[in-house]
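# Observations on chain architecture
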Amino acid sequence: MASEPLLDVAEDIDDQIEQFCESRTRLGTEDVLRDIARIVCIANLVQQGVLDGEQMVLCGGMAMRCLDSPRMSVFDGDTASVALPDPTTMADCISYDDDDIAISAESWKLGEDLMTYMPVTYDARFSALAGAQSEFSLSVAARGIERPAIRRKLNHRYPFQILREDVEVPIMDPDEILAEKVVAWWLFGHAKHYNDIGFLTLRMWQAGRLQDPEVKRLVRALVNKKLEVNRNSSRANIKQRVAALTEAEKRHRLEEPGLHVDPKRGFNTLSYLHGDPPTIESVKASVQKLLVPLLFQN
């Protein structure tokens, strides 16, 4: 049992979750319960010193949430590490148990530079809703951390309380997240990556950073580094995907997302906590205007 329970939810939390989901498409109460379980998992890893900002950082959609992204990752959580941890020790760190929730990392899949815990099962004892017992996945990628982590509040963006105390979590530097997302979009065509590219680039523009030549140099160097990591992969299909990325093809995949997107991972599969999902046309316009010049123009 944890000496300091992480959760602090109201007695009517089920009613609050149902009310929250009523006006949101593609977001069900089971998705919110899964999300709460992942939030507890991340907070626990921070509390234990595993997510420390030096050896391991939060990345992917959960890190994007800490930057106020409205998109919600539904099934997974992503971390980046300088090296793959011992899988049994990491499984013990992921697992958590108190009166309100139990989380257990039951098995993992190990690759050359990626360890994925799937399923991570949970029992949300605080809830009587369907989906209170389910699972998610958590990955640890050891493909390098190029930039110092930044620290942000673990921003769940719900209108109700979840954690007993605010948790500050180390996340991957946003410029490095952008580089990872650009390369992932080029290689796999998942709409979530293109959506996040648009969000991060617009965020850079709002901060007045896009005209800074040092920012251009940094982002291009990070993108090239992420490409090089994939180029050196032992997986033949990844090598082939990287080899297909001529400069013209890279630009084309950014400028014409509808021709590259994986139909099984399209824009109609994305879930949002707040606001209406952007259209592919609106994200495309932002990427063409802001990101393409950053990556391809002198």
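Residues numbered from 1 in each chain as written. Predicted model: local features only at pLDDT ≥ 70, side-chain atom pairs only at ≥ 80, totals over all residues. Heavy atoms only, no water.

### Side note on the overall build of the protein
To be explicit about the condition: The numbering of helices and of strands both runs from the N terminus, where a helix is a DSSP run of H or I of at least 4 residues and a strand a run of E of at least 2. When accessible area is computed with a 1.4 Å probe and restricted to protein chains, residues below 20% of their type maximum are described as buried, those above 50% as exposed, and intermediate ones as partly exposed. By the convention used here, residues are in contact when the closest approach between their heavy atoms is within 4.5 Å. Per-residue accessibility takes into account occlusion by the displayed protein chains alone, with areas from the Shrake-Rupley method and a 1.4 Å probe. We treat Lys and Arg as the positive residues and Asp and Glu as the negative residues; His and chain ends play no part in the count. Charge positions are represented by NZ for Lys, CZ for Arg, CG for Asp and CD for Glu.
Along the protein, the regular secondary structure elements total ten helices and eleven strands. Residue burial in the protein is summarised as follows: out of 298 residues, 52% are buried. Restricting the contact set of the protein to residue pairs at least 6 apart, pairs at least 24 apart contribute 72%. For the protein, the exposed surface amounts to about 13,800 Å²; the carbon and sulfur share of it is 47%. In the protein, 35 side chains carry a positive charge and 46 a negative one; their mean positions are 11 Å apart.

### A few points about the packing of aromatic side chains
Where we set the bar: Any two rings among Phe, Tyr and Trp, with Trp reduced to its six-membered ring, count as a pair given centres within 6.5 Å; such a pair is stacked if its planes are under 30 degrees apart, edge-to-face if over 60, and tilted if neither. Charges are assigned to positions over rings by a cutoff of 6 Å between ring centre and Lys NZ or Arg CZ, combined with an angular limit of 35 degrees from the ring normal.
Evaluated as defined, the whole model comprises seven aromatic pairs. Each ring, one from tryptophan 108 and one from tyrosine 117, has its centre 5.8 Å from the other, and the planes form 55 degrees; the classification is tilted. On the basis of an interplanar angle of 80 degrees and a centroid distance of 6.2 Å, the ring pair of tyrosine 194 and phenylalanine 267 is categorised as edge-to-face. Separated by 73 residues along the polypeptide, tyrosine 194 in helix α6 (residues 191–206) and phenylalanine 267 in the loop between α9 (247–255) and β11 (271–272) bring together distant segments of the chain. As far as burial versus exposure is concerned, tyrosine 194 and phenylalanine 267 are alike and both buried. Members of the aromatic cluster, connected to one another through ring pairs, are Phe20, Tyr158 and Phe160. The ring of phenylalanine 20 is capped by arginine 24, whose NZ or CZ atom sits 3.7 Å from the centre of that ring.

### Things to note about the packing of helix α5 (residues 174–188) against α6
How we decide: Note on geometry: axes are lines fitted to C-alpha atoms, helical ones only across the stretch in contact, with angles between N-to-C directions running from 0 to 180 degrees. Whether a crossing is left-handed or right-handed is set by the direction in which the near helix is turned from the far one by less than a right angle, anticlockwise for left-handed and clockwise for right-handed. In this classification, Asp, Glu, Lys and Arg are treated as charged, Ala, Val, Leu, Ile, Met, Phe, Trp, Tyr, Cys and Pro as nonpolar, and every other residue, Gly included, as polar.
It is the contact of α5 with α6, at a shortest axis distance of 9 Å, that shows an interaxial angle of 145 degrees. Two packed elements cross with a definite hand, and for α5 against α6 that hand is left-handed. Facing Pro174, Asp175, Ile177, Leu178, Lys181, Val182, Ala184 and Trp185 of α5, the residues of α6 in contact are Ala191, His193, Tyr194, Asp196, Ile197, Leu200, Thr201, Arg203 and Met204. Of the residues belonging to the contact of α5 with α6, the class tally is eleven nonpolar, two polar and four charged.

### Some words on the pairing of strand β5 (residues 101–105)
Using the following cut-off: Each pair of strands is called paired provided DSSP finds at least two bridges between the two strands.
For β5, a buried count of four out of five residues is recorded, marking the element as mostly surrounded by other parts of the structure. Direction of pairing for strand β4 (residues 96–97) relative to β5: antiparallel, over a ladder of two bridges. Bridge pairing in β5 places tyrosine 96 opposite isoleucine 103. Between β4 and β5, which pair antiparallel and follow one another directly, the connecting turn spans three residues. Bridge analysis of β5 against strand β7 (residues 114–124) gives five bridges, and the strand direction is antiparallel. By the bridge assignment, serine 104 is partnered in β7 with threonine 121.

### Quick look at the pattern of salt bridges
The following threshold applies: One speaks of a salt bridge when a side-chain nitrogen belonging to Lys or Arg is within 4 Å of a carboxyl oxygen belonging to Asp or Glu.
Taken as a whole, this structure holds 20 salt bridges when the rule is applied. Notably, a salt bridge pairs glutamate 180 with lysine 226, separated by 3.2 Å at the nearest N-O pair. With glutamate 180 in helix α5 and lysine 226 in helix α7 (residues 213–231), this pair connects stretches of sequence that are 46 residues apart. Under the relative-accessibility criterion, glutamate 180 is labelled partly exposed at 29%. Residues joined by salt bridges that share partners form a network here, namely Asp35, Arg38 and Arg65.

### Quick look at the environment of glycine 131
Mapped onto the elements, glycine 131 comes out in the loop between β7 and β8 (133–141). In sequence terms glycine 131 and arginine 34 are 97 residues apart; their C-alpha atoms lie 7.9 Å from each other. Beyond its immediate stretch of four places on either side in the chain, glycine 131 contacts Glu30, Leu33 and Tyr122.

### Thoughts on a negative patch on the surface
In plain terms, the rule: For patches, a residue must show more than 30% relative accessible area and have no salt bridge; joins then use 9 Å for like charges and 5 Å for nonpolar side chains, namely Val, Leu, Ile, Met, Phe, Trp and Tyr.
Where like charges cluster on the molecular surface, the negative patch consists of Glu11, Asp12, Asp15, Glu18 and Glu22. Its location among the elements puts aspartate 15 in helix α1 (residues 13–22).

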